[in-house]
Amino acid sequence: MTIDSLVLGAGQEVGKSCVVVTINGKRIMFDCGMHMGHLDHQRYPDFSLIPKPEPNPNFDHALTCIIITHFHLDHVGALPYFTEVCGYRGPIYMTYPTKALAPIMLEDYRKVMVERRGEEEQFSSDHIAECMKKVIPVDLKQTVQVDKDLQIRAYYAGHVLGAAMFYAKVGDAAMVYTGDYNMTPDRHLGAAQIERLNLDLLISESTYGTTIRDSKYAREREFLRAVHKCVAGGGKVLIPTFALGRAQELCILLEDYWERMNLKVPIYFSAGLTLQANMYYKMLISWTSQKVKETYSTRNAFDFKNAHKFDRSMIDAPGPCVLFATPGMISGGFSLEVFKHWAPSEMNLVTLPGYCVAGTIGHKLMSGKPTKIDLDKDTQIDVRCQIHHLSFSPHTDAKGIMDLIKFLSPKNVILVHGEKPKMATLKGKIQSELGIQCYDPANNETVSISSTHYVKALASDAFIRSCSNPNFKFSKSSQEDEHGSNSRNNNFTPRLRVSDERVAEGVLVMERNKKAKVVHQDELLLMLGEKKHQVRFAYCCPVDIGNLGETKSSTTNDGQLCKSETCSRLLRQLSAKLSNEFSQGNIQDFEDHLQVESFHVSICLKNNCPYRLMDVQNKSQEAAFFCCSWGMADEKLAWKIISICQNFNVHQHKQGCL
């Protein structure tokens, strides 16, 4: 099975977020945004690329559901067009604050584009209202069963009021689509929060994919210093910002500064949109930061004493002031109207607190201070005002993106909502530092990845018992283990080492009824009607028995190289040698052989032992051999003991290994 992600928007660009993900047969559209820098067909995603099944080739059958992460127009701006013009009638999911605030943003955009700029209407007020009737609101961490196979869950994303990351799972395959998020708290919102999840795919925004922000307090000081300097000189400050999010964040900052400095310069909000937004912030206080919630009982942070409504007639009024005007990128609307009036004066200041997409006036101002800006073929704006750009963006920075990916550790990552070169740099960093496969598709490209498939398996009683019942093993730690290989301590007392060797792994089998089952390895032999086989290694090690005094060995009829008494004395001497030099494990004496773990040593009684590498038929009758064998698990232990056996000889015979 695969997870197919068709990127219809925000592929190697910032704007019109829209990703259609097919996961185990279910097709989900994540976000349905518009591009603020385009006025032609590039404004909306190319919905014609969504596969429509026969015999009902419509979007209702093509999509299982739509999920909207937050109310910004680059994530929700195309939704009324898609539902009311293109004809999608299926379920739409978003959080309660997003459902409350999205229609306000959409209606404000419609008024600006149609009523003030004379653009062709893409959707009407009725379209917006009908679209919102299809929305099913969700709470944070509420698991929603879209159908019998698909479940979704929302997690707090910070960024703006009501923003959420969405988890989706179909069968064993699972993914998260982040939308826009912020990994650090600010003055009015908390940081993104999500659980550790077992994910096949994470689709993450990457707006600031190569930026590591400096201290928030340093940026706040610089912003306040620039604003104060301008109004102290009698100038006007234009802060182009979207009505929800940065406007409230910066107004809280200015409100606090105005009170501390006892400033009387008026602060204004343009039109009624931001005032209406502030009302929703007061209503939805539970979605704000912990500090705002804690102080709510004594003071609502969104009751701005110094902020007032701004009227168009005040644009050319004398005296200093601070004005928050929408939209944030000066792409049209009232912020553009004010900019035309205030830009020609050197006393005034335009401060850009957020990201501006290519094609907007805000982006042109950020790219280098121009002296003139061509609005259209008939309109040119003189730009003599001060330009100040300091990021108060609600997007996370590169460190935050890496932290989230490292925390979730998905099998695959797809980057969206970022500029192409920055995404390429971040992609390389994710792959090299985190070892996670990463993709950065362009618009209208599809990325296919393999999804997880789990098998539910029963466990046999024998396997469960072998896992749960202790199987203690006792051994002594060696001097080498305690003090290192070069240490020798005559007073060393080995410590008793206890290990629990209960079975931790079983064998997965498929029974005749096609059900999977985990069994103990011994059970498998019974099921197959086979006997247990064990691989063992062997080596016949030479030893000189001349040091046994006057006792001589003679060859017996069955090929024995030593008498019983001599063999016994050799084993006792070897046992003493091992006890003196080798303290690891229990040395067990069974008279005819010694044993340490699976290592077994006895006196070889065969002239033609297959594990012997030297021909001893013409050698001295004083030569004997230790015949050694061991299991694979004790290979390291075996060669330690064999080394002791080899050094046991007076005359060392250098042999190879078998």
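Residues numbered from 1 in each chain as written. Predicted model: local features only at pLDDT ≥ 70, side-chain atom pairs only at ≥ 80, totals over all residues. Heavy atoms only, no water.

Under an unreviewed UniProt entry, the name given to the protein is Cleavage and polyadenylation specificity factor subunit 3-II, and the organism recorded is Prunus mume. Under the Sequence similarities (unreviewed entry) heading, UniProt states for the protein: "Belongs to the metallo-beta-lactamase superfamily. RNA-metabolizing metallo-beta-lactamase-like family. INTS11 subfamily." According to the UniProt record, the Subcellular location (unreviewed entry) comment for the protein is "Nucleus". (UniProt positions renumbered as here; feature names shortened; annotations may be inferred.)

**Q** I would appreciate a short explanation of the sheet that holds strand 21 (residues 437–439) in the present structure.
**A** Backbone hydrogen bonds hold the strands of a sheet together, and the pairing may be parallel or antiparallel. Read from one edge to the other, the open sheet built from seven strands follows the order 7-8-9-10-11-20-21, with strand pairing classed as mixed. Each edge of the open sheet carries a strand with a single partner, namely strand 7 (144–145) and strand 21. Relative to strand 9 (residues 164–170), strand 8 (residues 150–156) runs antiparallel, the two sharing seven bridges. The residue bridging Ile152 from the neighbouring strand is Ala168, located in strand 9. Where helix 12 (residues 398–408) meets the sheet, it contacts strand 9, strand 11 (201–205) and strand 20 (412–416), and its direction lies at approximately 170° from that of strand 11. Strands in contact with helix 13 (residues 420–434) are strand 20 and strand 21; relative to strand 20, the strand with the most contacts, it is inclined by about 165°. (Pairing = 2+ DSSP bridges. Helix = DSSP H or I, 4+ residues; strand = E, 2+ residues; numbered from the N terminus. Contact = heavy atoms within 4.5 Å. Axes fitted to C-alpha atoms, helices over the stretch in contact; angles between N-to-C directions.)

**Q** What exactly am I supposed to notice about unusual backbone geometry here?
**A** For residues besides glycine, phi is generally negative; the peptide bonds are generally trans as well. Put simply, Thr326 and Pro327 share a cis peptide bond, and its omega is 0°. Here Pro327 shows up in the loop between strand 15 (321–325) and helix 10 (333–342). Phi is positive for Asn262, close to 55°, though the residue is something other than glycine. Its place among the elements puts Asn262 in the loop between helix 7 (246–261) and strand 13 (267–270). Residue Asn262 is classed as exposed on the basis of its relative accessible area of 52%. Positive phi, normally seen in glycine, also occurs at Ser409, with a value near 45°. Note that Ser409 resides in the loop between helix 12 and strand 20. Judged by its relative accessible area of 48%, Ser409 falls in the partly exposed class. (Buried < 20%, exposed > 50% of the residue type's maximum accessible area, 1.4 Å probe, protein only.)

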